[in-house]
Amino acid sequence: MKFSNRFKKPSIMPGFGLSLGFTVFYLSLIVLLPLSGLFIKTASLSFHQFWQVITSARVMASYRLTFGTALIAAFINSIFGLIVSWVLARYQFPGKKIIDAMVDLPFALPTAVAGIALTAIYTKNGWLGQYLEPMGIHVAFTSTGIVIALIFVGLPFVVRTIEPVLQEFDAEIEEAAASLGASRWQVFTKIIFPHIFPAFLTGFSLAFARGLGEYGSVIFIAGNMPMKSEIIPVQIVIKLEQYDYAGATAIALVMLIISFILLLIINLLQKWSSVSQGKM
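None of the values given here were measured: they were computed from a predicted structure.

Cut-off values and rules
- Residues numbered from 1 in each chain as written.
- Predicted model: local features only at pLDDT ≥ 70, side-chain atom pairs only at ≥ 80, totals over all residues.
- Heavy atoms only, no water.
- Helix = DSSP H or I, 4+ residues; strand = E, 2+ residues; numbered from the N terminus.
- Rg over C-alpha atoms; globule rule 2.2 N^0.38 Å.
- Buried < 20%, exposed > 50% of the residue type's maximum accessible area, 1.4 Å probe, protein only.
- 1 Å grid on protein atoms, 1.4 Å probe; cavity = no way out; pocket = protein on both sides within 12 Å on 5 of 7 lines; lining within 4 Å.
- Points joined across faces, edges and corners; volume = space filled by probe spheres on them.
- Nonpolar A, V, L, I, M, F, W, Y, C, P; charged D, E, K, R; others polar.
- Contact = heavy atoms within 4.5 Å.
- Salt bridge = Lys/Arg side-chain N within 4 Å of Asp/Glu carboxyl O.
- Patch = residues over 30% accessible without salt bridge, like charges linked within 9 Å, V, L, I, M, F, W, Y side chains within 5 Å.
- Areas by Shrake-Rupley, 256 points an atom, 1.4 Å probe, with all protein chains shown as cover.
- Expected span 1.5 Å × (residues − 1).
- Bend = angle between axes of the 7 residues up to and from the residue.

**Considerations on the overall build of the chain**
And then number 1: Looking only at helices and strands, one finds 13 helices and 0 strands in the chain.
And then number 2: If you list the helices and strands of the chain from N to C, you get α-α-α-α-α-α-α-α-α-α-α-α-α.
And then number 3: In summary, the chain has a C-alpha radius of gyration of 24 Å against a globular reference of 19 Å for 280 residues, an excess of more than 25%.
And then number 4: Projected onto its principal axes, the C-alpha positions of the chain cover 70 × 65 × 30 Å.
And then number 5: The buried share of the chain, taken over its 280 residues, is 36%.

In structure tokens:
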């Protein structure tokens, strides 16, 4: 027996029309309006001026450093993030909750604090730097220091992406493979890793995207030496300090386009991940 809509219990949440209107208004105010300003300010430059700004030697060096260090850090985080995820998902041991909380520390810790701490550790007189410098290993104020800072901020993205997939994996599949004579390495490479591979790629992409836009933890340990240790966010800040707003927005626009491409890739990977898991 169907009841009329007038007897339907009202929802505590607002209706779809009101909710959608508020959502569009809020996103327009917070996201679309600032991005529109970015495009409008960049449009004040001619194409020749725009091209000169984004392809100058100093900016190109910053592109290479930013993308190179972010790629290296994301690759390292993918490998060690997989190991950390495996330990947290598969084993029970004393202090597990502490380690699990430490993974999320970069989320809660202000990035500037992380940058200052890493700089204090790896400078010539730092806790680790005083032992590394005599061996010819220079970390602070080099690209190596930037990679370490990006590893610190990017690790949680990999762990928190892979760990839930490992937890949901059916252990009976592993037991069946083992009963058929498969070794542990074969079980991992032929069964487990193909299952978590989409999540692995998603974690890599998220860590890489975070590395491209990171500023607070990098600015202190990088040293910000022109053509050597200047990342793209520093270039944008320098342009703003010089009141070159159009130049700053031009560089920011390039990074925005790259961010949109990465966001599209991440969404496709997540869709692929959900489809792959549905077939398992």
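That shown, we press on.
**Things to note about empty space enclosed by the protein**
And then number 1: Going through the model one piece at a time under the given rule, you end up with 1 cavity of 30 Å³ or more.
And then number 2: What the largest cavity holds in volume is close to 30 Å³.
And then number 3: Together, Thr-66, Thr-69, Ile-146, Leu-150, Gly-211, Leu-212, Glu-214, Ile-231 and Pro-233 line the largest cavity.
And then number 4: Elements with a contribution of two residues or more to the lining of the largest cavity: helix H3 (57-90), helix H8 (143-168) and helix H10 (184-213).
And then number 5: Looking at the lining of the largest cavity residue by residue, the class counts come to 5 nonpolar, 3 polar and 1 charged.

**A look at the side chain of Glu-230**
And then number 1: When you line up the elements, Glu-230 lands in the loop between helix H11 (216-222) and helix H12 (232-241).
And then number 2: Take Glu-230: its relative accessible area is 3%, and that puts it in the buried class.
And then number 3: When neighbours within four sequence positions are excluded, Glu-230 is seen to be in contact with Arg-58, Ser-62, Leu-65, Asn-224, Met-225, Gln-235 and Ile-238.

**Re the layout of surface pockets**
And then number 1: Empty space within the largest pocket amounts to approximately 270 Å³.
And then number 2: Val-84, Ile-99, Met-102, Val-103, Leu-105, Pro-106, Ile-151, Phe-152, Leu-155 and Pro-156 together form the lining of the largest pocket.
And then number 3: Within the residue set of the lining of the largest pocket, elements represented by two or more residues are helix H4 (96-103), helix H5 (105-108) and H8.
And then number 4: Here the lining of the largest pocket gets 4 residues from one element, more than from any other, and that element is H8.
And then number 5: Taken together, the residues of the lining of the largest pocket break down into 10 nonpolar, no polar and no charged.
And then number 6: Broken down by secondary-structure element, the contributors of at least two residues to the lining of the second largest pocket are helix H1 (16-42), H10, H12 and helix H13 (245-279).
And then number 7: Broken down by element, the residue count for the lining of the second largest pocket peaks at 5 residues, all from H13.
And then number 8: Taken together, the residues of the lining of the second largest pocket break down into 12 nonpolar, 2 polar and no charged.

**Details of the pattern of salt bridges**
And then number 1: By the definition in use, this model includes 6 salt bridges.
And then number 2: Across the pair Glu-163 and Arg-160 runs a salt bridge, and its minimum N-O distance is 2.5 Å. Here the residue Glu-163 and the residue Arg-160 both occupy positions in helix H8, the gap between them amounting to 3 residues, near one helical turn.
And then number 3: Judged by relative accessible area, Glu-163 falls into the buried class, the value being 9%.
And then number 4: Between Asp-244 and Lys-239 there is a salt bridge, and its shortest N-O distance comes to 3.8 Å.
And then number 5: The exposure class of Lys-239 is buried, given its relative accessible area of 17%.
And then number 6: Here the salt bridges do not stand alone but share partners, grouping Asp-100, Asp-104, Arg-160 and Glu-163 into one network.

**Observations regarding a nonpolar patch on the surface**
And then number 1: On the surface, Phe-22, Phe-25, Tyr-26, Leu-27, Leu-29, Ile-30, Val-31, Leu-32 and Leu-33 cluster together to form a nonpolar patch covering roughly 920 Å² of accessible area.
And then number 2: If you trace the backbone, Leu-33 turns up in helix H1.

**Observations concerning H8**
And then number 1: Between its first and last C-alpha atoms H8 spans 38 Å; for 26 residues at 1.5 Å apiece the expected length is 38 Å, and the two agree.
And then number 2: For H8, the principal kink sits at Gly-154 and spans about 40°; a proline, Pro-156, occurs within the next four residues.

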